[in-house]
Amino acid sequence: MFREEAGVVGVGPEETVPVVLSVLGRPPTGRPPGVLAACDGSDGSLWALGRAMTEAELFGLPLYVLAVVNPAPAGYPPGMAELVQESVETLVESMADGLRRAVAAVQEQRARPYAGELSLHVVLGNVIEVLLEASTRQHTLVVGTRGNGGFSRLLLGSVSTAAVHHAACPVLVVPAPPQA
């Protein structure tokens, strides 16, 4: 039911980041409270990841970057779970690779690369449920906004709205940077 794989990913010259893949499980527990950044690869989540790095540095806390994969929002019909297992594993591996690239992209944009404790986590489940559960053990949860233009920019997405209203720790919602 729960598989955890440890590995490393390069984020700069001679730097590595632990990668933890939690499949069909929960966000890893038993680690010190830190800054939790929700990352789905969108521009908004990349801006939030950059801010989460800054927050973790300011408070001297570990940074946990979490991606949640929901491969079957309505669930599988009986007997189908075994048939789609390979696809789910490919999806999780793809998301882990996306997290590695997201961290590398944000590191390149920073004036000074983040050098604190950093780990990446990919978890299967409902995005809102997983983030809210993970927030119970954290100092701060950092999420981005949808980054849409015009009036819709004033609205938060469903994930950031749920986080603001229900997270068990302070939530920092990072808006899109102003358009040039």
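Residues numbered from 1 in each chain as written. Predicted model: local features only at pLDDT ≥ 70, side-chain atom pairs only at ≥ 80, totals over all residues. Heavy atoms only, no water.

A. Representation of the overall build of the chain. From N to C terminus, the chain includes four helices and seven strands. When the elements of the chain are put in sequence order from the N terminus, they spell out β-β-β-α-β-α-β-α-β-α-β. Looking at the chain as a whole, 39% of its 180 residues are labelled buried. Just so you have it, the chain exposes about 9,800 Å², and 57% of that area is on carbon and sulfur atoms. (Helix = DSSP H or I, 4+ residues; strand = E, 2+ residues; numbered from the N terminus. Buried < 20%, exposed > 50% of the residue type's maximum accessible area, 1.4 Å probe, protein only. Areas by Shrake-Rupley, 256 points an atom, 1.4 Å probe, with all protein chains shown as cover.)

B. Representation of the pattern of salt bridges in the model. Applying the stated criterion to the full structure yields four salt bridges. Between Arg51 and Glu55 there is a salt bridge, and its shortest N-O distance comes to 2.8 Å. Of this pair, Arg51 and Glu55 are both found in helix 1 (residues 43-59), four residues apart, which corresponds to roughly one turn of the helix. Looking at Arg51, the relative accessible area reads 38%, which means it is partly exposed. (Salt bridge = Lys/Arg side-chain N within 4 Å of Asp/Glu carboxyl O.)

C. Local environment of the pairing of strand 5 (residues 118-124). In terms of residue burial, strand 5 counts as a mostly covered element, since seven of its seven residues are buried. Neither face of strand 5 is exposed, since Leu118, Leu120, Val122 and Leu124 on one face and Ser119, His121 and Val123 on the opposite face are all buried.

D. Expanded view of the packing of helix 3 (residues 127-135) against helix 4 (residues 158-166). Remark: helix 3 packs on helix 4, axes separated minimally by 10 Å, with the N-to-C direction vectors making an angle of 35°. Of the two elements, helix 3 crosses helix 4, and the hand of that crossing is right-handed. In this structure, helix 3 contributes Val127, Ile128, Leu131 and Leu132 to the contact, and helix 4 contributes Ser158, Val159, Ala162, Ala163 and His166. A per-class count over the contact of helix 3 with helix 4 returns seven nonpolar, two polar and no charged. (Axes fitted to C-alpha atoms, helices over the stretch in contact; angles between N-to-C directions. Left-handed = near helix turned anticlockwise from the far one by under 90°. Contact = heavy atoms within 4.5 Å. Nonpolar A, V, L, I, M, F, W, Y, C, P; charged D, E, K, R; others polar.)

E. Local environment of helix 3. Turning to helix 3, its buried residues are Val130, Leu131, Ala134 and Ser135. Summarising the axial view, the buried residues of helix 3 lie within an arc of 135°, below the 170-degree limit, and thus occupy one face. Along its buried surface, helix 3 packs onto strand 3 (35-38), strand 4 (63-69), strand 5, strand 6 (140-144) and helix 4. (Arc of directions from axis to C-beta.)

F. Molecular detail of the environment of Ala102. The residue Ala102 is located in helix 2 (residues 81-109) in this model. Expressed as a C-alpha distance, the spacing of Ala102 and Asp43, which sit 59 residues apart in the sequence, is 9.7 Å. The residues contacting Ala102, other than those within four sequence positions of it, are Cys39, Leu46 and Leu49.

G. Just the pairing of strand 6, in detail. Among the five residues in strand 6, five count as buried, and that is most of the element. Of the two faces of strand 6, both are covered, the one formed by Thr140, Val142 and Gly144 as well as the one formed by Leu141 and Val143.

H. Structural view of the nonpolar core. Residues Val35, Leu49, Met53, Leu63, Val65, Leu99 and Leu118 are the most contacted members of the largest nonpolar core, which totals 27 residues. Of all the secondary structure elements, the ones that give two or more residues to this core are strand 3, helix 1, strand 4, helix 2 and strand 5. Apart from the residues within four sequence positions on either side, Val65 is in contact with Ala37, Cys39, Leu49, Leu99, Leu118, Ser119, Leu120 and His121. In this structure, Leu36, Tyr64, Ala163 and Cys169 belong to the second largest nonpolar core, which totals 13 residues. (Core = buried A, V, L, I, M, F, W, Y, C linked by side-chain atoms within 4.5 Å.)

I. Region of the structure containing the side chain of Ser119. Summarising the element assignment, Ser119 is placed in strand 5. Separated by 2.8 Å, the side chains of Ser119 and His121 make a polar contact. (Polar contact = N/O pair within 3.5 Å; in protein donor to acceptor, adjacent residues only side chain to side chain.)

J. Structural context of the confidence of the model for the chain. On average, residues of the chain score 78 in pLDDT, and 68% of them are at 70 or above. Note that pLDDT drops below 50 for residues 1-14; the model gives that stretch 39 contacts with residues more than four away or on any other chain. pLDDT under 50 marks residues 147-154. Its contacts with residues more than four places away, or in other chains, come to five contacts. (pLDDT = per-residue confidence, 0-100.)

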